[in-house]
Amino acid sequence: MSANPGDVAGLHPETRLVHAGTLRSQFGETSEALFLTQGHVYDSAEQAEARFLNKDPGFQYARFSNPTVAMLEARMAAFEGAEACRATATGMAAVTAAIMGQVRQGDHVVAARALFGSCRYVVEEHLPRYGVTSTLVDGTDLVAWREAVTPQTKVFFLESPSNPTLEVIDIAAVAALAKEVGATLVVDNVFATPLFQRPLQLGADCVVYSATKHIDGQGRCLGGLILASQAFIEAHVQTFLRQTGPAISPFNAWVMLKALETLPLRVRQQAHNAAIVAEWLAGRPGLSRVIFPCARNHPQAEIIARQMTGPSTLVAFEVEGGKEAAFRFLNGLKLIRISNNLGDAKSLIVHPATTTHQRFSSEIRASMGISDGLIRLSVGLEHADDLVADLERALAGV
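Residues numbered from 1 in each chain as written. Predicted model: local features only at pLDDT ≥ 70, side-chain atom pairs only at ≥ 80, totals over all residues. Heavy atoms only, no water.

### Let's talk about the overall build of the protein chain
Point 1. Across its full length, the protein chain holds 16 helices and 14 strands.
Point 2. C-alpha extents for the protein chain along the principal axes are approximately 70 × 50 × 35 Å.
Point 3. By residue count, 55% of the 398 residues in the protein chain fall in the buried class.
Point 4. Of the contacts made within the protein chain by residues no fewer than 6 positions apart, 73% connect residues no fewer than 24 positions apart.
Point 5. Summing over all exposed atoms, the protein chain offers an accessible surface of approximately 16,700 Å²; the carbon and sulfur share of this is 53%.
Point 6. Taken together, the 34 basic and 39 acidic charged side chains of the protein chain have centroids lying 3 Å from each other. (Helix = DSSP H or I, 4+ residues; strand = E, 2+ residues; numbered from the N terminus. Buried < 20%, exposed > 50% of the residue type's maximum accessible area, 1.4 Å probe, protein only. Contact = heavy atoms within 4.5 Å. Areas by Shrake-Rupley, 256 points an atom, 1.4 Å probe, with all protein chains shown as cover. Lys, Arg positive; Asp, Glu negative; His and termini not counted. Charge placed at Lys NZ, Arg CZ, Asp CG, Glu CD.)

Here it is as structure tokens:
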């Protein structure tokens, strides 16, 4: 196989998403090849030995790597501006590996409390099974981060914007504190997408994605990505993934690889639509609040202006009347579909209190800003006027 000629490092992100990391077989295919193989053969026993000693470049077994997966990893690293990337079967596999690969019994993790339900499970319930303690803090309060640190603190973890309340955290400030106390910072960047926010440039040590969301963006495949320095990947991620096995399917990797080519077009249009929808929702009767990054009244507007180059494709809003009113609104929609996924070409909407965050008590949900009337809307590629008409019709029925 031959690598894509030329250095893409100086090219624009859109160009890197089309060309970076391409490997071509002897057939000179235009589209990246899909390698559906479990393993690889060697020319000799000596080559097999050298391959396992990492002295001979090449592939061994699909649980370790695969040519199609390697192309996805190289392209995403070029896009993110990271030295290295590893793909996983799901976004939660990426989160789990990025954190678990760093900690040992007796270590401590500090995390923002505004997290996706499964992320809080990893921090609050999974880590303690292995003797790793954790503290959850108000992510917007830098003093709270500092006060939570102990001599055993090894990892900081946050989402920004958060799921589902779109809370934004000052990544550069938290990263500086992490370095000061000798911890690493892992950032879940799903809601911002790599198009609108670059946590590594803000000082984070590691960025994770559910590639299921905007990167696939068309409701087809599961996948996850971990991006960091080569040293971080080798020290904390590579062996963990190799030995525990959350490998992404080559087919899923190929789907994600092709989807990256259109990611800027899709995400920019989705964000444009989301801004129109958020502006229409603002001040609408029956809604007590509307949350959208880049809105002038967002509580962290100043931070957003410094660390994000665009908004999100997500809008959160609260329907007056609690769960019953929220359900009437959801059931009144005709175009926007009820689903717990996000970042899709289709607009998707969900009631977090009874789905993604339903396992938490009402007190915990309240501390995360999740009321019984809160709705999370992932805006898709439909015409914005049609989305507004659907929302208006549903609100009229509440």
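Okay, back to it.
### Some points on the packing of aromatic side chains
Point 1. All told, the structure shown has 5 aromatic pairs when counted by the stated rule.
Point 2. Geometrically, the ring pair formed by Phe52 and Phe64 is edge-to-face, given 6.4 Å between the ring centres and 85° between the ring planes. Of the two residues, Phe52 sits in helix α2 (residues 45-52) while Phe64 sits in the loop between α2 and α3 (67-80), which places them 12 residues apart along the sequence.
Point 3. Taking the centre distance of 5.8 Å and the plane angle of 70° together, the rings of Tyr61 and Phe64 count as edge-to-face.
Point 4. Here Arg120 stacks its cationic end above the ring of Phe360, 5.0 Å away from the centre of that ring. (Phe/Tyr/Trp six-rings, centres within 6.5 Å; stacked < 30°, edge-to-face > 60°. Lys NZ or Arg CZ within 6 Å of the ring centre and 35° of its normal.)

### Some details on the nonpolar core
Taken as a class, soluble globular proteins show a tendency for nonpolar side chains to be buried jointly.
Point 1. Of all hydrophobic cores here, the largest spans 41 residues; its most connected members are Leu72, Met76, Tyr209, Ile215, Leu225, Leu227 and Leu263.
Point 2. Contributing elements (two or more residues each) for this core: α3, β3 (84-88), α8 (193-196), β8 (206-210), β9 (224-228), α11 (250-260), α12 (263-281) and β11 (314-319).
Point 3. In terms of residues, this core owes the most to one element, α3, which gives 6 residues. (Core = buried A, V, L, I, M, F, W, Y, C linked by side-chain atoms within 4.5 Å.)

### Observations concerning the pairing of strand β4 (residues 108-112)
Point 1. Along β4, 5 of the 5 residues are buried, which leaves the element largely enclosed by surrounding structure.
Point 2. One ladder, built from 5 bridges, connects β4 with strand β5 (residues 133-137); its direction is parallel. In the sheet register, Ala112 faces β5, and the bridge partner there is Val137. (Pairing = 2+ DSSP bridges.)

### So, the side chain of Glu159
Point 1. One can find Glu159 in strand β6 (residues 153-159).
Point 2. Buried and unpaired, Glu159 has no salt bridge, with Arg376 as the nearest side chain of opposite charge at 8.5 Å.
Point 3. There is a polar contact of 2.7 Å between the side chain of Glu159 and the backbone nitrogen of Phe116.
Point 4. At a separation of 3.0 Å, a polar atom in the side chain of Glu159 contacts the main-chain amide nitrogen of Asn163.
Point 5. When residues no more than four places from it in sequence are discounted, the contact partners of Glu159 are Ala114, Leu115, Phe116, Cys119, Glu167, Ile169 and Asp188. (Salt bridge = Lys/Arg side-chain N within 4 Å of Asp/Glu carboxyl O. Polar contact = N/O pair within 3.5 Å; in protein donor to acceptor, adjacent residues only side chain to side chain.)

### Comments concerning the environment of Asp385
Point 1. Summarising the element assignment, Asp385 is placed in helix α16 (residues 384-396).
Point 2. On the basis of relative accessibility, which here comes to 53%, the residue Asp385 falls in the exposed class.
Point 3. Sequence-wise, Asp385 and Ala144 are 241 residues apart; in three dimensions their C-alpha atoms are separated by 43 Å.

### Overview of a nonpolar patch on the surface
Point 1. Taken together, the side chains of Leu34, Leu36 and Phe251 make up a nonpolar region of the molecular surface, amounting to roughly 280 Å² of accessible area.
Point 2. Positionally, Phe251 belongs in helix α11.
Point 3. Phe251 gets classed as partly exposed once you look at its relative accessible area, which sits at 39%. (Patch = residues over 30% accessible without salt bridge, like charges linked within 9 Å, V, L, I, M, F, W, Y side chains within 5 Å.)

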